[in-house]
Amino acid sequence: MTTMTPNQDAMIEKKPQADQPIPAAAEPRSARQVEPTVFEKSCPGARSVTLPDLDVAETPIPDALASTAPDWAEIGILQTVRHYTHLSQRNFSIDGEFYPLGSCTMKFNPRINEHAAALPGFASLHPMQGDADIQGALALLYQTRQFLEAISGLDEACLQPAAGAHGEYTALKVIRAFYKAKGEPNRIKVLAPETAHGTNPASCAMCGAGVITVPTVGGSIDFDELRAIIDREGADTIMALMITNPNTAGVFDGGMAQISKIIHEAGAKVYLDGANMNAILGKTRPADFGADAMHYNVHKTFSTPHGGGGPGGGPIVVTKELAPFLPIPQITESNGVFALDYDKPHTIGKVRSFITQFGIMVRCWTYIRACGPEGLRGVAEQAVLSANYLAAKLNDKYETPFWNSENGKYAAHEFLTVPKALLSQGVTLNDIAKRLIDFGIHPPTMHWPIKDCLMVEPTETESLETLDRFIAVMRRIAHEIETDPQQLAKAPQDATVNRLDIVAADRAPKVVFKG
Ligand SMILES: *Cc1c(COP(=O)(O)O)cnc(C)c1O
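Residues numbered from 1 in each chain as written. Predicted model: local features only at pLDDT ≥ 70, side-chain atom pairs only at ≥ 80, totals over all residues. Heavy atoms only, no water.

A. Highlighting the sheet that holds strand β13 (residues 445–446). With respect to topology, three strands assemble into an open sheet ordered β12-β14-β13, the strand pairing being antiparallel. The sheet is open, and its two edges are formed by β12 (415–417) and β13, each paired on a single side. One ladder, built from two bridges, connects β13 with strand β14 (residues 454–456); its direction is antiparallel. Following the sheet pairing, Met446 is matched in β14 by Leu454. (Pairing = 2+ DSSP bridges. Helix = DSSP H or I, 4+ residues; strand = E, 2+ residues; numbered from the N terminus.)

B. Up close: the confidence of the model for the protein chain. In this model, the protein chain carries a mean pLDDT of 92, and residues with pLDDT of at least 70 account for 95%. The model gives residues 1–13 a pLDDT under 50, and that stretch makes two contacts with residues more than four places away or in other chains. (pLDDT = per-residue confidence, 0-100. Contact = heavy atoms within 4.5 Å.)

C. Highlighting the side chain of His299. Turning to its location among the elements, His299 is positioned in helix α11 (residues 298–301). On the basis of relative accessible area, His299 is assigned to the buried category, the value being 10%. (Buried < 20%, exposed > 50% of the residue type's maximum accessible area, 1.4 Å probe, protein only.)

D. Local environment of the sheet that holds strand β8 (residues 293–296). Taken together, the seven strands give an open sheet; going across it, the order is β1-β9-β8-β7-β6-β2-β3, and neighbouring strands pair in mixed fashion. The open sheet has two edge strands, β1 (156–158) and β3 (210–214), and neither has a second partner. Put simply, the sheet's adjacent strands are angled 25° from each other on average, direction ignored. Judged from the five bridges that link them, strand β6 (residues 238–244) and strand β7 (residues 269–274) form a sheet pairing that is parallel. Residue Leu241 lies in a different strand from β7, and its bridge partner there is Val270. Contacts between helix α8 (residues 199–206) and the sheet are confined to β2 (189–193), β3, β6 and β7, with β6 contributing the most and set at about 155° to the helix. Sheet strands in contact with helix α10 (residues 256–265) are β2, β6 and β7, and its direction is about 140° off that of β7. (Axes fitted to C-alpha atoms, helices over the stretch in contact; angles between N-to-C directions.)

E. Spotlight on the site of the ligand. Around the ligand lies a shell of 13 residues, among which Ser103, Gly164, Asp273, His299 and Lys300 are the nearest. Separating an oxygen atom of the ligand from a side-chain N or O atom of His299 is a distance of 2.8 Å. When the ligand sits alone it has 380 Å² of accessible area, and the protein chains cover 87% of it. By residue number, the principal contributor to the shell around the ligand is helix α7 (residues 164–181), which donates three residues. Taken together, the residues of the shell around the ligand break down into three nonpolar, seven polar and three charged. (Near = heavy atom within 4 Å. Polar contact = N/O pair within 3.5 Å; in protein donor to acceptor, adjacent residues only side chain to side chain. Areas by Shrake-Rupley, 256 points an atom, 1.4 Å probe, with all protein chains shown as cover. Nonpolar A, V, L, I, M, F, W, Y, C, P; charged D, E, K, R; others polar.)

F. Up close: the packing of aromatic side chains. What the rule picks out here adds up to ten aromatic pairs. Between the aromatic rings of Tyr142 and Phe338, the centroid separation amounts to 5.7 Å while the plane-to-plane angle is 55°, which identifies the pairing as tilted. Of the two residues, Tyr142 sits in helix α6 (residues 135–152) while Phe338 sits in strand β11 (residues 337–341), which places them 196 residues apart along the sequence. Aromatic ring contacts, followed pair by pair, group Phe178, Tyr179 and Phe325 into a single cluster. Sitting above the plane of the Tyr179 ring, Arg187 keeps its charged end 5.2 Å from the centroid. (Phe/Tyr/Trp six-rings, centres within 6.5 Å; stacked < 30°, edge-to-face > 60°. Lys NZ or Arg CZ within 6 Å of the ring centre and 35° of its normal.)

This is the structure in structure tokens:
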């Protein structure tokens, strides 16, 4: 074997024979290489499938049905597999890396859930099969109902809503129907803290309810302020308070029972946005602090893969007095026989096709059964411990406005940092977020619920080693900001793509469909 000196190597690279330019395809493959579309890879005559010879007479398609064939890509099976594998490798995923995206509870999804959902007896069901045919599936849904009722402390669950936002909408419809039936149709206003998730006011608008924003102090609602708003608006016009607890500042609002009391005295209902249930599973029940209705984000709390836009699940649970208004059909049980009950005279009707997002409920059932009551409590304890560990280790460089161990102010399952000192060095929050990508860490939620904050949610599924690595990376970025802040503007440098124009990506997306 001959060895080349670095010089010879350089000569070969720099001096291609004049008549034979090195084709682009012979360039070294970089992680950044643009992956052509399948259409660009299309090669006339290439096929991924070969069909057997016809064993019947060929019959032409009738003219009335025939149209021009679409311009499909012609591509072989190996090229197809590589194409999609390359694309998937550019995706960021929880299976690959740490994903501390606050408010989204990006926890690991145990594979046993996927296994259960894929069992042929579940996966091959047809939604039009009769009740007698699907007793096992109905039993699973009925038990899921019971689990969700027990965890909330409320009386009756409905598994229909397809996501958290859909649950908000459904529950507001139920509450509105309740007040109409009660002869109080003027209750059409919903109070929501200024830190509410964007879906809260959107759901109110979808239901025709006006939203009254309630200011917060230190992330929490001030009692006197709340009373003043109710007086100003008129107690008999208030339908509900929509609140998240632990709240969106990552803090369990200790005043929640008192807040519920004020709302109930006004004759209105308390709606709990249950997106943050991961922090309190088995520790407290929303009914115990005054909730009359709530939704779960099954895909967050009970571990279904999410982040790509669905499918998810947003079951709701309500008190006895609201239950008659729940959507139909309800899953019922009598003498060990499960059925779908459509006979609910006060129902708001249907909010989706069929019964529920069935595969998601199988995952939810499996997760809850696998954990058991002690395991669910353990989830909350570990999630809260992990968040507080990070806050404690980072707060000298990354200020935590709602976390201060000396004052006994701790976080729930997530915490906010507003790194003022670092931001005063001329870097932006976006620079910090982009730099994290270079270390294979998904940036936390940014600028929500308050400006200039990062919202970090480690979840209970991450190991101490991963948490320590995150701490090390965050401290390193702080050091980079203190020593060479300009560098950060170029991040990410080691990702598939550099800094993208996110405004253009939002406002002028280039979506090409060829066919
Ligand atoms: C995620 C989330 C929602 C919305 O839930 P979807 O399932 O995405 O519709 C609502 N409120 C809070 C606080 C959330 O974090």
